[in-house]
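Examining the three-dimensional arrangement
These are the residues of each chain, in order.
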Amino acid sequence: MTTATAMDQDKAAAFGGRMMEMISSGTLMMMTSVGHEVGLFETMAGMRPATSQEIATAAGLNERYVREWLGAMTTGRIVDYDPVGARFSLPAEHAASLTTAAGPVNMGLWAWSFIGFGETLDSLAECFRSGGGIPYSKFTKFPMVMAAISAANYDASLISTTLPLVPGLVERLKAGIDVADVGCGSGHAINLMAKQFPNSRFTGFDFSEVSVNAAREEAQGLQLKNARFEVKDVATLSGPPAYDFITAFDAIHDQAHPRKVLRGIADSLRPGGTFLCVDIAGSSNLHENMDNPMAPMMYSASTMHCMTVSARPRRRRSREHVGEQKAHELFREAGFTNIETKRIDSDPSNNYYICRK
Ligand SMILES: C[S@@+](CC[C@H](N)C(=O)[O-])C[C@H]1O[C@@H](n2cnc3c(N)ncnc32)[C@H](O)[C@@H]1O
């Protein structure tokens, strides 16, 4: 038998208020996502204070919808409103976080992508009841969402900041080496590197045909002769050692068989080769994530997408929760003995692990 303890009424009232704020912010996030998708933030960033009709006309949208959206944005303190003349404006300080000017930390893009992660919530409820997972193929928006969020990130930092994290790598890429990207998605990282380093040869692997087709299309558009893409389950990777540098951008934590994949990567690296693994920054221990303001978002994204795509239906369990400690353990198990963890300012949600055998 449990004994009821006396309830702290102030605590209950404060928590109820916080939950109400959360619901209000949650709905505002949905409207932020729509605003991003239809280009309203970009439009407003370039405008003087304007009426809903002027904003709708400038954005090429329906005024009635724009007016209601502006109601949400104004009461949500995202947009300023002057009732004299009924004019709305997006302060420059807010546009700095909601437009392409923000690069990889464009919160409009983040809102849009997290709404995208939620596209299978009905199936997710069923997983809570019966276990199992939701396969990648059910996330129809995912390739597009991931491509957009990754492109913003890679464009801002891949060549200028990320590759120089590995000592001597840029010089080797200039001279000409073999590079593979595991779980390459829509291939933007490979294509950017292939364009920058024409003497090196690049291969991207992903089991999503939709993503690989998008990657090939981009490579073709850029007339790249040194980038190729293969539809492949990276859990089948094995030697012989054919690569000098292998990358995995946000593609290890959602593997059904991370040990197999990492072993395959280690076996595919030539002597002296490097594996760069970019993956979720955070502790593997729940209690150590309490002060990380991004932690609720990461656990939610994991529940909605990363964990459920890695679940193995027959065994009705998914892989272990990853995080820095677990990642190091998995790298060591795969045969990497020299592992460094680095961070970059423009990508607060990831660790950059540099692994050598
Ligand atoms: C979170 S996305 C990251 C995509 C890309 N690296 C990026 O940064 O945009 C993970 C990618 O890994 C791919 N993936 C997951 N498991 C895979 C497997 N076993 N074999 C091949 N690709 C896999 C998915 O299709 C998806 O494109």
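Here is what the cut-offs are and how they apply
Residues numbered from 1 in each chain as written. Predicted model: local features only at pLDDT ≥ 70, side-chain atom pairs only at ≥ 80, totals over all residues. Heavy atoms only, no water. Salt bridge = Lys/Arg side-chain N within 4 Å of Asp/Glu carboxyl O. Helix = DSSP H or I, 4+ residues; strand = E, 2+ residues; numbered from the N terminus. Near = heavy atom within 4 Å. Polar contact = N/O pair within 3.5 Å; in protein donor to acceptor, adjacent residues only side chain to side chain. Areas by Shrake-Rupley, 256 points an atom, 1.4 Å probe, with all protein chains shown as cover. Domains from an automatic or database assignment. Buried < 20%, exposed > 50% of the residue type's maximum accessible area, 1.4 Å probe, protein only. Arc of directions from axis to C-beta. Contact = heavy atoms within 4.5 Å. Disulfide = S-S within 2.5 Å.

Overview of the pattern of salt bridges
With the rule as written, the count across this model stands at 13 salt bridges. Its salt-bridge partner being Arg 270, residue Asp 244 comes within 3.0 Å of it at the nearest N-O pair. With Asp 244 in strand E6 (residues 243-249) and Arg 270 in strand E7 (residues 269-280), this residue pair connects regions lying 26 residues apart in the sequence. A single salt-bridge network, built from bridges that share partners, covers Arg 172, Asp 178, Arg 201, Asp 244 and Arg 270.

Considerations on the site of the ligand
Around the ligand, the structure places 18 residues, and the nearest of them are Ser 150, Tyr 154, Gly 183, Asp 206 and Phe 249. Phe 249 places a main-chain nitrogen or oxygen 2.8 Å from a nitrogen atom of the ligand. Between the ligand and the protein, one listed contact pairs a nitrogen atom with a side-chain N or O atom of Gln 255 at 2.9 Å. Look at the ligand: alone it shows 590 Å² of surface, and the protein chains cover 95% of it.

Here's the deal with the domain arrangement of the protein chain
As a measure of interface size, the accessible area lost when the parts come together is often cited. Along its sequence, the protein chain is carved into domain 1 (9-98) and domain 2 (116-356). Between the C-alpha centres of domain 1 and domain 2 the distance comes to 34 Å.

Some words on helix H3 (residues 52-59)
Here H3 has its buried residues at Ser 52, Ile 55, Ala 56 and Ala 59. The buried residues of H3 all sit within an arc of 95 degrees when viewed along its axis, so they share a single face. Those residues of H3 that are buried lie in contact with helix H2 (40-45), helix H4 (63-75) and strand E2 (87-89). Positive phi shows up at Gly 60, right after H3, with a value of about 70 degrees.

Thoughts on the state of the cysteines
Linking two cysteines covalently through their sulfur atoms gives a disulfide. Applying the stated criterion across every chain, the model contains 0 disulfides. Here Cys 184 is not disulfide-linked; the sulfur of Cys 277 is the nearest cysteine sulfur, at 15 Å. Residue Cys 184 is classed as buried on the basis of its relative accessible area of 9%. Of all cysteine sulfurs, the one in Cys 277 lies closest to Cys 306, which takes part in no disulfide; the gap is 13 Å. By relative accessible area, which is 11% here, Cys 306 ends up buried.

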